[in-house]
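# Inside the fold
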Amino acid sequence: MIFSPDSRLPYNNKDDNMTEVRVRIAPSPTGICHIGVARAAMYNWIFARHCGGKMILRIEDTDAKRNIEGALESIVDGLAWLGIDFDEGPYYQSQRLDRYNEIIDDLIKQDKAYIDNDPEKGDCVRLRMPEGRMEYTDIILGDSGWDMGLLDDLVIRKSDGWPTYNFAVVIDDHDMRISHVIRGLEHFSNVSKQMAVYRALGWEPPQWAHFPLLMGPDGKKLSKRRDYSQFHIYSSIEDFRKAGYLPQTLVNFLMLIGWSPGDDSEIMGIDEIVKCFTLERVVKTNSQMNGEKLVWMNGKYIRSYKPEDLLELLLPFIAAAGYDVEKFDRKWLVEVVALYQDSISLLAEFCEKAKYFLDDEIEYSEKALNKHLRKGDAREILAETLEAMEVLENFDEESIERVLREVAAKHEVGFGKVAQPLRVAVTGDAVSPGIYETVALMGRARALKRIKNALNII
RNA sequence: GCCCCCAUCAUCUAGCGGCCUAGGAUGCCAGAUUCUCAGUCUGGACACGGGGGUUCGAGUCCCCCUGGGGGUACCA
């Protein structure tokens, strides 16, 4: 990512080739990398990459009161994590005041704009709106129009000297030679205002594409304040990352909301999406986020990794859970990961599920103890299992299986009657991966110690 | 209030007049695999908001209603 100190643009761009695809996102640096910003960035970036065009970052920072320190970095970082980068920028609106004023003054000279005196608010500049109906076409929504008589003369310069949003956007998009404005539906009604500015300036407007809005998992409007964690949904990219989502999951999932490739493909990598993405296939309806499908998809991606690669992704989560990552044998950890790869859907789940591998001491679930160890001859069976395991030459999966089968045969009980007591004894709970793998990987010392301990407390 | 946009299973979607007794995915239910859980596989239930048209024929086109969303600032 490049941050050029002087990011003002050349004003004259008449000679440039306007057929080049150039798109942008224009966030305000007012907070974290919100899911809405990420989605807009994804549409623009994917469209740019599909067309071989350029992706540009512009910062709308004219409202100094709202600017937050570090917000730009967190937005750029969040997008980078998703795989979104920029070819140009960031350009700052705050550095382009001269350019806006030059155009406003010229508009006044031509009597296309005028100074409006308001005794209370001060002088502002308004653009004379055209008469009649303005027609325009949106790539996603189709033909539309607006009765311009409904609009007041648009304020283009506020009394504080700054241009208004709808004016600055037009100047910026033109100067940056933006070919397609791809943004959320909340901006749709700005088109008429911006078209009026394009017309006054005699400039060619870009192509418009307004994608529908993302609704919360509760079906209501997405709110920054609300906590959606019960739905496995978050409002910031950073929170998705912390919850253990993979970036490719988020990209895949978010793109499949509001767009489809046309066939039945569901699990799609970003390259594949770039290849077949078209704005025409973006749907027109608002859509609700479904956390269950998101979790499912993340599980699919988790299962697609080789265990050693998955471990690399898991390491930060293991460290964040308070473990000293260095104290574990790396190869052994890979095996633990392999054991759990099928049963986790979020990276953050690993430590909780595999805690009896990571912790020295385990906690026993009373319920599991009662159900599997304090019933029938479970205690006797476990004690016998312990005895047989103590004399095992090789403490490996095959040997352990043999022991369990022998014990089961001797007592004439099902395999579960032997496996479950053992499982509870070594893990503390009635649920774990396969019992031989679990016990073998745990190691002889740990397993035997835990069995003895269990026999003591039941 | 006014303006604009939208409308297929619970959810995300396919469908661009006959291929639709509406397809896929998640979730849900059942079965298989099995030492528990998960995973995987197989099967099942679940939708064209309502009413008028147009047409030989409408989920697909038109109108109305209803519902949802967005916008109506000297915010962005």
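Reading the values: the criteria
- In this convention, every chain numbers its residues from 1, walking through the sequence in written order.
- Both sets of labels track the order of writing: A upward for chains, 1 upward for ligands.
- The predicted nature of this model means local features are confined to residues of pLDDT at least 70 and side-chain atom pairs, given and counted, to a pLDDT of 80 or more, with totals for whole chains, interfaces and linings taken over all residues.
- Note: side-chain values were computed over all heavy atoms of the structure, leaving out hydrogens and water.
- In this analysis, rings of Phe, Tyr and Trp, with Trp reduced to its six-membered ring, are considered paired at centre separations within 6.5 Å, and the interplanar angle assigns stacked below 30 degrees, edge-to-face beyond 60, and tilted for intermediate values.
- Secondary structure counts use DSSP, requiring at least four H or I residues in a row for a helix and at least two E residues in a row for a strand, with both numbered from the N terminus.
- Burial status follows relative accessibility: with a 1.4 Å probe on protein chains alone, a residue under 20% of its type maximum counts as buried, one over 50% as exposed, and anything between as partly exposed.
- For every element, the axis is a line fit to its C-alpha atoms; helices are fit only across the contacting stretch, and the angle between N-to-C directions ranges from 0 to 180 degrees.
- With respect to orientation, any angle under 35 degrees is reported as roughly parallel, any angle over 145 as roughly antiparallel, any angle of 65 to 115 as roughly perpendicular, and every other angle as oblique.
- Contacts are residue-level and defined by heavy atoms, with any inter-residue pair within 4.5 Å sufficient.
- Three classes are used: nonpolar for Ala, Val, Leu, Ile, Met, Phe, Trp, Tyr, Cys and Pro, charged for Asp, Glu, Lys and Arg, and polar for all others, with Gly counted as polar.
- Here a patch means residues that are over 30% exposed by relative accessible area and free of salt bridges, tied together within 9 Å if like-charged and within 5 Å if nonpolar (Val, Leu, Ile, Met, Phe, Trp, Tyr).
- Note on areas: Shrake-Rupley with a 1.4 Å probe; residue coverage comes only from the protein chains shown.
- Whenever Lys or Arg places a side-chain nitrogen within 4 Å of a carboxyl oxygen from Asp or Glu, that contact is recorded as a salt bridge.
- We score Asp and Glu as negative and Lys and Arg as positive, and we do not count His or the chain ends.
- Throughout, a charge is located at the NZ atom of Lys, the CZ atom of Arg, the CG atom of Asp or the CD atom of Glu.
- To be near a molecule or strand, a residue needs just one of its heavy atoms within 4 Å of it.
- Polar contact is defined as a pair of N or O atoms within 3.5 Å, subject to the rule that within protein one atom must be able to donate a hydrogen and the other to accept it, and that residues adjacent in sequence are counted only when both atoms are side-chain atoms.
- Paired strands, as defined in this entry, are two strands with at least two bridges between them according to DSSP.

## Notes on the packing of aromatic side chains
The tally for this structure, following the rule as stated, stands at 14 aromatic pairs. Arranged with centres 6.3 Å apart and planes meeting at 75°, the rings of Y198 and W208 form a pair that is edge-to-face. Taken together, the residues span a long stretch of sequence, with Y198 in helix α5 (residues 190-201) and W208 in strand β10 (residues 207-211) at a distance of 10 residues. The class of Y198 is buried, set by a relative accessible area of 2%. Measuring from centroid to centroid gives 6.2 Å for Y340 and F357, while their planes differ by 80°, and the two rings are edge-to-face. Of the two residues, Y340 is situated in helix α11 (residues 330-340) and F357 in helix α13 (residues 355-358); the sequence distance between them amounts to 17 residues. Neither residue differs from the other here; Y340 and F357 are each classed as buried. In this structure an aromatic cluster arises from ring pairing among Y323, F328, W332, Y340, F350, Y356 and F357.

## Here we look at the packing of helix α1 (residues 35-51) against helix α7 (residues 247-256)
Direction vectors running N to C along α1 and α7 enclose 85°, while the axes themselves pass 11 Å from each other. Relative to α7, α1 is oriented roughly perpendicular. Of the residues in α7, those in contact with I35, R39, M42, Y43 and I46 of α1 are V251, L254 and M255. Tallied by class, the residues present in the contact of α1 with α7 amount to 7 nonpolar, no polar and 1 charged.

## What to know about unusual backbone geometry
Negative phi is the rule for most residues except glycine; trans is the rule for most peptide bonds. With phi around 55°, R177 is a residue other than glycine that occupies positive phi space. Locating R177 in the fold gives a position in the loop between α4 (165-175) and β9 (180-184). Given the relative accessible area of 18%, R177 is considered buried. In the Ramachandran plot, E412 falls in the positive-phi region, its phi being about 55° despite a non-glycine side chain. Here E412 is to be found in the loop between α16 (397-411) and α17 (416-427).

## Quick look at a negative patch on the surface
Among the surface-exposed residues, D263, D264, D271 and E272 lie close enough to one another that they form a single negatively charged patch. Examined against the element boundaries, D264 turns out to sit in the loop between α7 and α8 (270-276).

## Overview of the protein's contact with RNA strand B
Around RNA strand B, a shell composed of 63 residues is seen, among which K158, S159, G258, D342 and S432 lie nearest. Counting only atoms of RNA strand B within 4 Å of the protein, the fraction found in sugar and phosphate groups is 74%. In the environment of RNA strand B, a base nitrogen lies 3.0 Å from a nitrogen or oxygen atom belonging to the backbone of G122. A distance of 3.3 Å separates a base oxygen of RNA strand B from a polar backbone atom of G434. Listed by contribution, the elements that provide at least two residues to the surface near RNA strand B are β5 (122-127), β7 (142-147), α4, β12 (287-288), α9 (291-303), α17 and α18 (435-442). Looking at the surface near RNA strand B, the element that brings in the most residues is α9, giving 5 residues.

## Focus: the pairing of strand β3 (residues 88-92)
The element β3 is largely enclosed, with a buried count of 5 among its 5 residues. Where strand β2 (residues 54-59) lies against β3, 3 bridges are found, and the strand directions are parallel. Opposite R58, over in β3, you have Y91 as the bridge partner.

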